[in-house]
Amino acid sequence: MKAYTVAVVGCGRIACGAHFPAFEKLGNVRVKYACDLILEKAEAVKAKYDFVENAITDYNVALADPEVTAVFVLTPNYAHYTVAMDALRAGKHVMCEKPITVNYALSKEMADEANKRGLMLNIGVCNRYNKSVELLEEMNREGKFGKIYHVYCSFRDFRSIPGLGGAFTTKAQSGGGALIDWGVHFLDLILYVLGGAKLQTLTCDTYSEMAKDMKAYKYRSMHAEDTADVVNGVNDVDDFVTGHIRTDKASISFNGAWAQNLDQRDMYVDFLGDKGGARLDYGKQFIYCNGETLESTQSDHHIPNMYRMEDIAFLESTDTGVKNRNHIDNILESAKLLDALYRSAELHRELRGDEI
Ligand SMILES: NC(=O)c1ccc[n+]([C@@H]2O[C@H](COP(=O)([O-])OP(=O)(O)OC[C@H]3O[C@@H](n4cnc5c(N)ncnc54)[C@H](O)[C@@H]3O)[C@@H](O)[C@H]2O)c1
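Parameters and conventions
- Residue numbering note: each chain is counted from 1, following its sequence as written.
- The model is predicted, so local features are restricted to residues of pLDDT at least 70 and side-chain atom pairs to those at 80 or more, both for listing and for counting; the totals for chains, interfaces and linings are taken over all residues.
- Only DSSP runs of H or I covering at least 4 residues are called helices, and only runs of E covering at least 2 are called strands; the numbering of each starts at the N terminus.
- Exposure classes come from backbone-placed C-beta atoms, where a residue is buried if 20 or more other C-beta atoms lie within 10 Å of its own, exposed if 12 or fewer do, and partly exposed in between.
- We call two residues in contact when their backbone-placed C-beta atoms lie within 7 Å.
- The criterion for a residue being near a molecule or strand is a backbone-placed C-beta atom within 6 Å of that molecule or strand.
- Three classes are used: nonpolar for Ala, Val, Leu, Ile, Met, Phe, Trp, Tyr, Cys and Pro, charged for Asp, Glu, Lys and Arg, and polar for all others, with Gly counted as polar.
- What counts as a domain boundary in this text is fixed by an automatic or database domain assignment.
- To estimate the expected span of a helix, subtract one from its residue number and multiply by 1.5 Å.
- At least two DSSP bridges between two strands are required for those strands to pair.
- Every axis corresponds to a line fitted to the C-alpha atoms, with the helix fit spanning only the stretch in contact, and the corresponding angles, defined between N-to-C directions, vary from 0 to 180 degrees.

(A) Region of interest: the overall build of the protein. Counting secondary structure elements, the protein contains 10 helices and 15 strands. Across its three principal directions, the C-alpha atoms of the protein cover 55 × 50 × 40 Å. Looking at the protein as a whole, 46% of its 356 residues are labelled buried. In the protein, of all internal contacts separated by at least 6 residues, the share reaching a separation of at least 24 is 73%.

Structure follows, in structure tokens:
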């Protein structure tokens, strides 16, 4: 089994919760450098995993090391662009967490840089490696849905504003709120299952209602609580979003909420076809309804860890040179979609054709 020597930049929640455990399971990833601006975070992963060799705070040390062939960029959104571009310019392949970065224009620059240099640049829209999503994509190709005419998705939770006042809720650092943070997964997986789709028109409204007074925001637990700054921080992003998209295939409508005054968690995607339909329970299994037999079946399959699958697929692509489903070229369309949805909300009107 080939071993890969990599560097990890950003040793926060997604690094510790998903990628380091994935590397441990894979067994062939040598993390020569774990880097974080906060040295203790890098040191903590070094202490925990024997495959992590050095804890550093300046990622340029890793970029200067010819042994490092790939860099995992697991920083907050605002740092994706700079760290990924520096890594590409140093000749490293890059796996960058989602969203690509804070807007489409910078995302496109990242894609151009990678392609110009013949390097891989993959994006962590991990649902493309979720077994349920893979099966739905396959079923659509096999015609099990007939024509999918509409997709509805809900990504709404009760009290999940991450790190209120910190990087997640500061538009200049995150690019947006619930839509770019959660919607990126849902809209991207929909486009993937549809086999891509040409965007025709779209409209979107965004709201920031639940934490107008940050200090008064009531929550049971706040995702990314450790980065919250309700005293000096900023909250200028969407906590609720709704929209409608017309494509040359299906129309797509969605509602998303980081927080709402309903103690509900509604996370699902409905694919409505003229021969069959399916509800994907987000991150889990799905129910398929066959329009001819009127039978509904709950899918039943092992769901391997999607982070592990996306990481190994990325590393293998650095050898084969074959761009896989998470290559930035295949994700740019969903980045363009997010950008256009935010523009529609700002302009308070529908966008059409070339405006998108
Ligand atoms: N794919 C998923 O399901 C998923 C889930 C959660 C988060 N994410 C994405 O992962 C990224 C990180 O999110 P998180 O929740 O882990 O954030 P986090 O704040 O917990 O961790 C980010 C870390 O990056 C470090 N950092 C920032 N700039 C740096 C730099 N220049 N050099 C070195 N270290 C730097 C910070 O100190 C911090 O420890 C975000 O882009 C987020 O959208 C993806």
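(B) Layout of the site of the ligand. Within the structure, the ligand sits among 26 residues, and Gly 10, Gly 12, Arg 13, Ile 14 and Glu 97 are positioned closest to it. Within the residue set of the shell around the ligand, elements represented by two or more residues are α1 (13-26) and α4 (77-89). Grouping the amino acids of the shell around the ligand by side-chain chemistry returns 14 nonpolar, 6 polar and 6 charged. Two domains each put at least three residues into the shell around the ligand: domain 1 (4-124 + 307-325) and domain 2 (128-303).

(C) Main features of helix α10 (residues 328-347). Along its 20 residues, α10 runs 28 Å from first to last C-alpha, staying within 8% of the 28 Å computed at 1.5 Å per residue. Close packing links the buried residues of α10 with α5 (104-117), β6 (121-124), α8 (178-194), β8 (199-207), β9 (240-247) and β15 (351-352). Looking at the residues trailing α10, positive phi occurs at His 348, about 60°.

(D) Focus on the sheet that holds strand β1 (residues 4-9). The 6 strands are arranged β3-β2-β1-β4-β5-β6 in an open sheet whose pairing can be described as parallel. At either end of the open sheet lies a strand with only one pairing partner, and these are β3 (52-56) and β6. Strand-to-strand, the axes of this sheet are offset by a mean angle of 20°, without reference to chain direction. Across 4 bridges, the pairing between strand β4 (residues 70-73) and strand β5 (residues 93-97) is parallel. Of the residues in β5, the one forming a bridge with Ala 70 is His 93.

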